[in-house]
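Here's the letter readout for the chains.
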Amino acid sequence: IFSTFHSLILRPLPFEDPTTLHTLWQERNGGQLATGPSAGLVRHLVEQGDVFEELAAYAVVEHSLAGHGEPVMLTGAEITASMSAVLGVEPLIGRTFADEDIRHNAPVVLLSEAVWRSRFGSSDAVLGTPIRLGPDTRTVIGVMPARFSRYQDHGRPHEYWLPLDWSRARFG
């Protein structure tokens, strides 16, 4: 019982300063349905520049990982380049997304620590390795620590991250 209580209540959030983090939701249908903000609202907030110190967004995705052991379905997220900075989390190895990755829709991917350990044997040689995620081949540029994966959807941790461009985003 204590371990459950500790993990749900006592353990600090895995972010540098969780008191400064806010999640935006948008009410639709007269307040009956709350969803993430529309892409238009997010773009407006980004253009304002003085509403928030930093903004980040994500959209959940699922793809199969093939070619490194048995094929497996993974849950991931498309994230903006700012996500790592907003959450105060640096990669274990490699780097996070650069603005150029986003602008050029680069075929790159960040892996979770769990996938890195289970599928790639914790080898630093994973950096620069092409992997098959769904229909696309993407190059691994970094590995994010387990605490980055704690941010989850529907009880499933994110196992990989792809770049998300604000200007082309359709979330919410």
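This one's a predicted model, so the numbers in the text were calculated from it and none came from an experiment.

### Some words on the overall build of the protein
- Helix and strand content of the protein: six helices and 11 strands.
- Counting over 172 residues, the protein shows a buried share of 37%.
- Sequence-distant contacts, at least 24 apart, represent 66% of the contacts inside the protein between residues at least 6 apart.
- Counting every atom, the protein has about 10100 Å² of accessible surface; 52% of that belongs to carbon and sulfur.

### Details of the pairing of strand β4 (residues 72–79)
- Sheet analysis places strand β3 (residues 58–66) next to β4, joined by eight bridges and oriented antiparallel. Residue alanine 59 lies in a different strand from β4, and its bridge partner there is glutamate 78.
- Hairpin remark: β3 followed by β4, antiparallel, with five residues in the connecting loop; positive phi at glycine 67, about 95 degrees.
- With four bridges connecting them, β4 and strand β11 (residues 160–163) associate as parallel partners. Note on β11: the bridge partner recorded for isoleucine 79 is proline 163.

### Some remarks on unusual backbone geometry
- Backbone geometry places asparagine 105, a non-glycine residue, at a positive phi of 50 degrees.
- One can find asparagine 105 in the loop between α4 (99–103) and β6 (108–112).
- A positive phi angle, close to 60 degrees, is found at serine 122, a residue other than glycine.
- With respect to the helices and strands, serine 122 occurs in the loop between α5 (113–120) and β7 (130–133).
- Here serine 122 falls in the partly exposed class, since its relative accessible area comes to 26%.

### Focus on the environment of alanine 66
- Within the secondary structure, alanine 66 sits in strand β3.
- For alanine 66, a relative accessible area of 29% translates into the label partly exposed.
- Between the alpha carbons of alanine 66 and isoleucine 131 there is a distance of 7.5 Å; along the sequence they are 65 residues apart.

### What about the nonpolar core?
- By size, the foremost hydrophobic cluster in this structure holds 16 residues, and its most contacted members are Val109, Leu111, Phe120, Val126, Ile131, Leu133 and Tyr160.
- Sorting the residues of this core by element identifies β3, β6, α5, β7, β8 (136–144) and β11 as the ones contributing at least two each.
- With three residues, α5 is the largest single contributor of residues to this core.
- Every residue in contact with leucine 133, bar those within four places of it in the chain, is listed here: His63, Ser64, Leu65, Leu74, Val109, Arg138, Tyr160 and Leu162.

### Observations regarding the confidence of the model for the protein
- Confidence in the prediction of the protein, expressed as mean pLDDT, is 79, and 67% of residues score 70 or more.
- Contacts from residues 4–11, a stretch scored under 50 in pLDDT, to residues over four places away or in other chains number four contacts.

### A few points about the pattern of salt bridges
- Considering all chains together, one arrives at four salt bridges under this definition.
- The salt bridge partner of glutamate 100 is arginine 103, with a shortest N-O separation of 3.3 Å. Linking glutamate 100 with arginine 103, this pair stays in helix α4, spanning three residues, or about one helical turn.
- Put simply, aspartate 136 and arginine 138 hold a salt bridge, and the shortest N to O gap is 3.9 Å.
- Given the relative accessible area of 13%, arginine 138 is considered buried.

Scoring rules and cut-offs
- Residues numbered from 1 in each chain as written.
- Predicted model: local features only at pLDDT ≥ 70, side-chain atom pairs only at ≥ 80, totals over all residues.
- Heavy atoms only, no water.
- Helix = DSSP H or I, 4+ residues; strand = E, 2+ residues; numbered from the N terminus.
- Buried < 20%, exposed > 50% of the residue type's maximum accessible area, 1.4 Å probe, protein only.
- Contact = heavy atoms within 4.5 Å.
- Areas by Shrake-Rupley, 256 points an atom, 1.4 Å probe, with all protein chains shown as cover.
- Pairing = 2+ DSSP bridges.
- Core = buried A, V, L, I, M, F, W, Y, C linked by side-chain atoms within 4.5 Å.
- pLDDT = per-residue confidence, 0-100.
- Salt bridge = Lys/Arg side-chain N within 4 Å of Asp/Glu carboxyl O.

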